[in-house]
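A closer look at the structure
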Amino acid sequence: LLEPLVSKEVTLNNEISPKTKTELPDIEADANRVVQVLTNLLGNAIKATRSGSISVKAHSEGGHALLLSVEDTGPGIPQEKLGSIWGAFEQVDEQTTRRLGGTGLGLTLVKELVEAHGGSCWVTS
(Lines give C-alpha, C1' and ligand atoms only; values in the text may rest on other atoms or scores of the structure.)
Protein backbone atom coordinates (compact mmCIF):
# COMPACT_ATOMS: atom_id res chain seq x y z
CA LEU A 1 0.00 0.00 0.00
CA LEU A 2 2.67 2.54 1.00
CA GLU A 3 5.64 0.90 -0.68
CA PRO A 4 5.44 3.11 -3.83
CA LEU A 5 6.01 6.14 -1.56
CA VAL A 6 9.29 4.78 -0.20
CA SER A 7 12.41 6.16 -1.89
CA LYS A 8 14.86 3.85 -3.60
CA GLU A 9 17.34 4.47 -0.81
CA VAL A 10 14.97 3.09 1.85
CA THR A 11 14.26 -0.57 2.54
CA LEU A 12 10.79 -1.40 3.89
CA ASN A 13 10.96 -4.50 6.12
CA ASN A 14 7.94 -6.52 7.19
CA GLU A 15 9.35 -8.42 10.15
CA ILE A 16 6.06 -10.17 10.93
CA SER A 17 6.92 -13.64 9.71
CA PRO A 18 4.47 -16.57 9.35
CA LYS A 19 6.07 -18.06 12.48
CA THR A 20 5.51 -14.79 14.34
CA LYS A 21 1.89 -14.70 13.16
CA THR A 22 1.17 -18.09 14.75
CA GLU A 23 2.65 -16.85 18.05
CA LEU A 24 0.53 -13.68 18.15
CA PRO A 25 -2.58 -13.60 20.31
CA ASP A 26 -6.04 -13.22 18.84
CA ILE A 27 -7.30 -9.74 19.56
CA GLU A 28 -10.67 -8.10 19.16
CA ALA A 29 -10.20 -4.96 17.11
CA ASP A 30 -11.63 -2.95 14.24
CA ALA A 31 -9.43 -4.12 11.35
CA ASN A 32 -9.94 -0.89 9.41
CA ARG A 33 -8.73 1.17 12.37
CA VAL A 34 -5.68 -1.06 12.85
CA VAL A 35 -4.81 -0.53 9.18
CA GLN A 36 -5.31 3.22 9.66
CA VAL A 37 -2.95 3.23 12.65
CA LEU A 38 -0.24 1.35 10.74
CA THR A 39 -0.74 3.55 7.66
CA ASN A 40 -0.28 6.71 9.73
CA LEU A 41 2.79 5.37 11.53
CA LEU A 42 4.36 4.13 8.30
CA GLY A 43 3.52 7.41 6.55
CA ASN A 44 5.41 9.33 9.23
CA ALA A 45 8.36 6.95 9.00
CA ILE A 46 8.44 7.32 5.20
CA LYS A 47 8.44 11.12 5.47
CA ALA A 48 11.27 11.06 8.02
CA THR A 49 13.52 8.49 6.34
CA ARG A 50 15.44 9.51 3.23
CA SER A 51 17.81 6.53 3.36
CA GLY A 52 18.17 3.43 5.51
CA SER A 53 15.24 1.29 6.56
CA ILE A 54 11.75 1.17 8.01
CA SER A 55 10.65 -1.96 9.88
CA VAL A 56 7.25 -3.16 11.06
CA LYS A 57 7.30 -5.66 13.91
CA ALA A 58 4.72 -7.42 16.08
CA HIS A 59 4.92 -9.66 19.09
CA SER A 60 2.83 -10.93 21.96
CA GLU A 61 2.88 -8.82 25.08
CA GLY A 62 1.91 -10.79 28.17
CA GLY A 63 0.19 -13.52 26.16
CA HIS A 64 -3.00 -11.59 25.46
CA ALA A 65 -1.91 -8.22 24.09
CA LEU A 66 -0.33 -7.31 20.79
CA LEU A 67 2.63 -4.94 20.49
CA LEU A 68 3.06 -3.38 17.06
CA SER A 69 6.07 -1.22 16.32
CA VAL A 70 7.34 0.85 13.43
CA GLU A 71 11.04 1.65 13.53
CA ASP A 72 13.01 3.81 11.11
CA THR A 73 16.53 5.08 10.61
CA GLY A 74 15.43 8.70 10.11
CA PRO A 75 17.01 11.58 12.02
CA GLY A 76 14.91 10.98 15.14
CA ILE A 77 12.78 13.28 17.23
CA PRO A 78 14.42 15.88 19.46
CA GLN A 79 14.05 15.07 23.17
CA GLU A 80 12.15 18.32 23.79
CA LYS A 81 9.48 17.31 21.24
CA LEU A 82 8.91 13.71 22.41
CA GLY A 83 6.15 14.65 24.85
CA SER A 84 4.19 16.75 22.38
CA ILE A 85 4.10 14.64 19.19
CA TRP A 86 0.70 13.15 20.07
CA GLY A 87 -0.97 16.57 20.15
CA ALA A 88 -3.14 17.88 17.31
CA PHE A 89 -1.33 19.89 14.64
CA GLU A 90 2.11 19.11 16.10
CA GLN A 91 4.92 18.88 13.55
CA VAL A 92 8.46 17.86 14.39
CA ASP A 93 9.91 19.22 11.15
CA GLU A 94 7.95 21.93 9.34
CA GLN A 95 10.22 21.79 6.28
CA THR A 96 9.42 18.10 5.76
CA THR A 97 5.74 18.88 6.22
CA ARG A 98 5.85 21.58 3.56
CA ARG A 99 7.74 19.30 1.17
CA LEU A 100 5.74 16.09 1.71
CA GLY A 101 2.44 17.25 3.15
CA GLY A 102 0.68 16.40 6.36
CA THR A 103 -1.72 18.08 8.74
CA GLY A 104 -0.25 17.17 12.10
CA LEU A 105 -3.26 14.99 12.96
CA GLY A 106 -1.85 11.54 12.15
CA LEU A 107 -0.28 10.75 15.51
CA THR A 108 -3.21 12.27 17.41
CA LEU A 109 -5.49 9.93 15.52
CA VAL A 110 -3.15 6.98 16.13
CA LYS A 111 -3.20 7.61 19.87
CA GLU A 112 -6.98 8.00 20.01
CA LEU A 113 -7.61 4.84 17.98
CA VAL A 114 -5.14 2.75 19.97
CA GLU A 115 -6.57 3.98 23.28
CA ALA A 116 -10.13 3.31 22.03
CA HIS A 117 -9.01 -0.32 21.65
CA GLY A 118 -7.65 -0.38 25.23
CA GLY A 119 -4.03 0.07 24.22
CA SER A 120 -1.37 2.71 24.66
CA CYS A 121 1.22 4.48 22.51
CA TRP A 122 4.74 5.62 23.20
CA VAL A 123 7.76 6.75 21.27
CA THR A 124 11.50 6.28 21.70
CA SER A 125 14.08 8.17 19.74
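Further up the page is the structure itself.
Scope of this entry: the structure provided in the associated data block. (Residues numbered from 1 in each chain as written. Predicted model: local features only at pLDDT ≥ 70, side-chain atom pairs only at ≥ 80, totals over all residues. Heavy atoms only, no water.)

**A short note on the pairing of strand 2 (residues 52-61)**
In terms of strand pairing, strand 1 (residues 10-14) meets strand 2 through 5 bridges, oriented parallel. Looking at the pairing, Thr 11 lines up with Ser 53 of strand 2. With 8 bridges joining them, strand 2 and strand 3 (residues 65-72) adopt antiparallel strand pairing. Looking at the pairing, Lys 57 lines up with Ser 69 of strand 3. (Pairing = 2+ DSSP bridges. Helix = DSSP H or I, 4+ residues; strand = E, 2+ residues; numbered from the N terminus.)

**Some thoughts on the environment of Thr 73**
Within the fold, Thr 73 resides in the loop between strand 3 and helix 3 (94-100). Linking Thr 73 and Ser 53, residues 20 residues apart in sequence, is a C-alpha distance of 5.7 Å. Not counting residues up to four positions away in its chain, the partners in contact with Thr 73 are Thr 49, Ser 51, Gly 52 and Ser 53. There is a polar contact of 3.2 Å between the side chain of Thr 73 and the backbone oxygen of Ser 51. (Contact = heavy atoms within 4.5 Å. Polar contact = N/O pair within 3.5 Å; in protein donor to acceptor, adjacent residues only side chain to side chain.)

**Focus: helix 4 (residues 106-116)**
All of the buried residues in helix 4 are Leu 107, Thr 108, Val 110 and Leu 113. If you follow the buried residues of helix 4, they end up packed against helix 2 (31-48). Downstream of helix 4 by a residue or two, Gly 118 has a phi angle that is positive, lying close to 85°. (Buried < 20%, exposed > 50% of the residue type's maximum accessible area, 1.4 Å probe, protein only.)

**Quick look at the side chain of Asn 40**
By the element assignment, Asn 40 lies in helix 2. In terms of polar contacts, Asn 40 uses its side chain to reach the backbone carbonyl oxygen of Gly 106, at 3.4 Å. The contact partners of Asn 40, leaving out residues within four places of it in the chain, are Gly 106, Leu 109 and Val 110.

**Here's the deal with the environment of Leu 82**
Mapped onto the secondary structure, Leu 82 falls in the loop between strand 3 and helix 3. Judged by its relative accessible area of 17%, Leu 82 falls in the buried class. Note: C-alpha distance between Leu 82 and Val 123 (41 residues apart in sequence) is 7.1 Å. Every residue in contact with Leu 82, bar those within four places of it in the chain, is listed here: Ile 77, Val 123 and Ser 125.

**A short note on the packing of helix 2 against helix 4**
Relative to each other, helix 2 and helix 4 sit at 145°, their axes nearing to 9 Å. Crossing handedness for the pair helix 2 and helix 4: left-handed. Taken together, the residues of helix 4 that come into contact with helix 2 (itself represented by Arg 33, Gln 36, Val 37, Asn 40, Leu 41 and Asn 44) are Gly 106, Leu 107, Leu 109, Val 110, Leu 113 and Val 114. Per-class residue counts for the contact of helix 2 with helix 4 are 7 nonpolar, 4 polar and 1 charged. (Axes fitted to C-alpha atoms, helices over the stretch in contact; angles between N-to-C directions. Left-handed = near helix turned anticlockwise from the far one by under 90°. Nonpolar A, V, L, I, M, F, W, Y, C, P; charged D, E, K, R; others polar.)

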